[in-house]
Amino acid sequence: MEGSINLIEDKKYNIKLYPLYKSLSWDLLFYYAISFIFLTRY
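Residues numbered from 1 in each chain as written. Predicted model: local features only at pLDDT ≥ 70, side-chain atom pairs only at ≥ 80, totals over all residues. Heavy atoms only, no water.

Quick look at the overall build of the protein chain now. Of the regular secondary structure elements, the protein chain holds one helix and zero strands. Out of the 42 residues in the protein chain, the part that is buried amounts to 0%. On the protein chain, roughly 4,500 Å² of surface is accessible, and the fraction owed to carbon and sulfur atoms is 69%. Positive and negative charge centroids in the protein chain, built from 5 and 4 side chains respectively, lie 13 Å apart. (Helix = DSSP H or I, 4+ residues; strand = E, 2+ residues; numbered from the N terminus. Buried < 20%, exposed > 50% of the residue type's maximum accessible area, 1.4 Å probe, protein only. Areas by Shrake-Rupley, 256 points an atom, 1.4 Å probe, with all protein chains shown as cover. Lys, Arg positive; Asp, Glu negative; His and termini not counted. Charge placed at Lys NZ, Arg CZ, Asp CG, Glu CD.)

Right under this line is the structure:
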């Protein structure tokens, strides 16, 4: 019983963190795209 409660709390915590991880990954993708364009241009 206690293990399932901890599992549910862990899932709720991960759900709260997911938008942060997603925004950081898109930012990193944007950074690499811009740096690639810059490095190939000059």
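On the surface, Phe-30, Ile-34, Phe-36 and Ile-37 cluster together into a nonpolar patch covering about 460 Å² of accessible area. Structurally, the position occupied by Phe-30 is in helix H1 (residues 2–41). By relative accessible area, Phe-30 is classed as exposed at 54%. (Patch = residues over 30% accessible without salt bridge, like charges linked within 9 Å, V, L, I, M, F, W, Y side chains within 5 Å. Salt bridge = Lys/Arg side-chain N within 4 Å of Asp/Glu carboxyl O.)

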